[in-house]
Amino acid sequence: MPNLQIVLRRVNELREKGLVEQYAIGGAWAATYFSEPILTEDLDVFCHLPSQSLLISLSPIYEHLKNLGYQPADGTHADSIQIEDVPVQFLVGNALIDEAIENAVEVDLMGERARIFDLEYVLAVALDVGRAKDLSRIDTMLQVTTRPIDQERLRSILVKHSPAKPKLGEKTLFDRWMRLEEARDGGH
Amino acid sequence: MADTKQELLKEALEAKLATRRALAALPFEEKIRRMFQLQANVRAFRNAPIVPRKP
């Protein structure tokens, strides 16, 4: 297994060096924290970039890591950088992601501090991204979680990030969640 | 003791769910280790030849 302590140390160093203002791990790693082990190929690190940045650019992060000797990942992970054999992808997101970063939980992994999206945000972001694998992760988390899902908190997040006047034919996050719940109820 | 197909199926699903809950209850480090094992299994399958390699 790769040395995760070093991977997380490199991520935490980005904050210490001012290259990111705040970060949180999302995707399958966060889903795994709250549920059973979920297959993934890379580590998704969502970032708040320093507010003085005029352009949203992740280049300084990748440059810093390249200077430490890490190389871009190859093949299907070409948009990631390989840190200690783990393809790590740095991402910036929308208002929902920003809120998920702000409300992340702090966990300890092999003696290194890591910030991870909280459960309700893992679900909301997966619903927002909406690929087949994200919906599959939602299904997994609805069946098995380490703590109960705070339904009130989840709905409040979904409503907050659903536009009051969606475009014609657009399904808001809340609509999508209601449809998903209906489909699950119908299947049981 | 389960008798009907429905009862047997229910028992099997409950056992599967119990296994999954036990996996979820593992420490995060152990879950990550198993996640890497899943990756290795997928990679091994992806790289395996369809027919046996020539000796």
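Student: For this particular structure, what's the right way to read the overall build of chain B?
Tutor: Along its length, chain B carries two helices and zero strands. Compactness check: chain B gives a C-alpha radius of gyration of 18 Å against a globular reference of 10 Å for 55 residues, more than 25% above the reference. Its C-alpha atoms put chain B at 50 × 35 × 15 Å along the principal axes. Within chain B, the proportion of its 55 residues that are buried is 5%.

Student: What exactly am I supposed to notice about the overall build of chain A here?
Tutor: A count of helical and extended segments in chain A gives eight helices and seven strands. Rg of the C-alpha trace for chain A: 17 Å, near the compact-globule value of 16 Å for 188 residues, within the 12% margin. C-alpha atoms of chain A, sized along the principal axes, occupy 55 × 40 × 30 Å. Counting across all 188 residues of chain A, residues that qualify as buried make up 35%.

Student: Would you mind showing me how to read the nonpolar core here?
Tutor: A general tendency of soluble globular proteins is for nonpolar side chains to be buried together. All names here are of chain A. Counting 50 residues, the largest nonpolar core has A24, I25, A30, V45, F117 and V122 as its most contacted members. With eight residues, helix α5 (residues 119-129) is the single largest residue contributor to this core. Excluding its chain neighbours within four sequence positions, the residues that come into contact with A30 are I25, I116, F117 and V122.

Student: Just to check I follow, could you spell out the interface of chain B and chain A for this structure?
Tutor: It is common to give the size of an interface as the accessible area lost on bringing the parts into contact. With 16 residues of chain B at the interface, the matching set in chain A holds 17 residues. Those elements that place two or more of their residues in the side of chain B that touches chain A are α1 (5-24) and α2 (28-47) of chain B. In terms of residue count, the dominant contributor to the side of chain B that touches chain A is α2 of chain B (eleven residues).

Student: What's the story with the pairing of strand β6 (residues 105-109) of chain A in this structure? I'm lost.
Tutor: Regular strands show a simple pattern: their side chains alternate between the two faces of the sheet. Relative to strand β7 (residues 112-116) of chain A, β6 of chain A runs antiparallel, the two being bridged by five bridges. Residue V107 of chain A lies in a different strand from β7 of chain A, and its bridge partner there is A114 of chain A.

Student: Before we go on, may I ask you to explain α5 of chain A in this structure?
Tutor: Along an α-helix, residues three or four positions apart point the same way, because every turn accommodates 3.6 residues. Residue and element names in this part refer to chain A. Burial within α5 is extensive, with nine of its eleven residues counted as buried. Buried residues of α5: L119, E120, Y121, V122, L123, A124, V125, A126 and L127, and no others. At the C-terminal side of α5, G130 shows a positive phi close to 70°.

Student: What is the right way to look at unusual backbone geometry in this model?
Tutor: Of note in this structure, E84 of chain A is not a glycine but carries a positive phi near 50°. Take E84 of chain A: it is sitting in the loop between β4 (81-83) and β5 (86-91).

Student: So what exactly am I meant to see when it comes to the packing of helix α4 (residues 95-102) of chain A against α5 of chain A here?
Tutor: Describing two packed helices takes the angle between their axes plus the distance from one axis to the other. All names here are of chain A. Where α4 meets α5, the axes come as close as 10 Å, and the angle between the chain directions of the two elements is 165°. By the angle between their axes, α4 is roughly antiparallel relative to α5. In this structure, the crossing between α4 and α5 has a hand that is left-handed. The residues of α5 that touch α4, namely those facing L96, I97 and A100, are Y121, A124, V125 and D128. Within the contact of α4 with α5, the residues separate by chemical class into six nonpolar, no polar and one charged.

Student: What am I meant to see in the packing of α5 of chain A against helix α6 (residues 132-143) of chain A here?
Tutor: All names here are of chain A. One can describe the packing of α5 onto α6 by two numbers: an axis separation of 8 Å at closest approach and a directional angle of 150°. The pairing of α5 with α6 is recorded here as roughly antiparallel in orientation. Seen from above, α5 lies across α6 with left-handed handedness. Touching V122, L123, A126, L127 and V129 of α5 are D134, R137, I138 and M141, all from α6. Considered class by class, the residues forming the contact of α5 with α6 number seven nonpolar, no polar and two charged.

Parameters at a glance
- Residues numbered from 1 in each chain as written.
- Chains lettered and ligands numbered in written order.
- Predicted model: local features only at pLDDT ≥ 70, side-chain atom pairs only at ≥ 80, totals over all residues.
- Helix = DSSP H or I, 4+ residues; strand = E, 2+ residues; numbered from the N terminus.
- Rg over C-alpha atoms; globule rule 2.2 N^0.38 Å.
- Buried ≥ 20, exposed ≤ 12 C-beta atoms within 10 Å, placed from the backbone.
- Core = buried A, V, L, I, M, F, W, Y, C linked by C-beta atoms within 7 Å.
- Contact = placed C-beta atoms within 7 Å.
- Pairing = 2+ DSSP bridges.
- Axes fitted to C-alpha atoms, helices over the stretch in contact; angles between N-to-C directions.
- Parallel < 35°, antiparallel > 145°, perpendicular 65-115°, else oblique.
- Left-handed = near helix turned anticlockwise from the far one by under 90°.
- Nonpolar A, V, L, I, M, F, W, Y, C, P; charged D, E, K, R; others polar.

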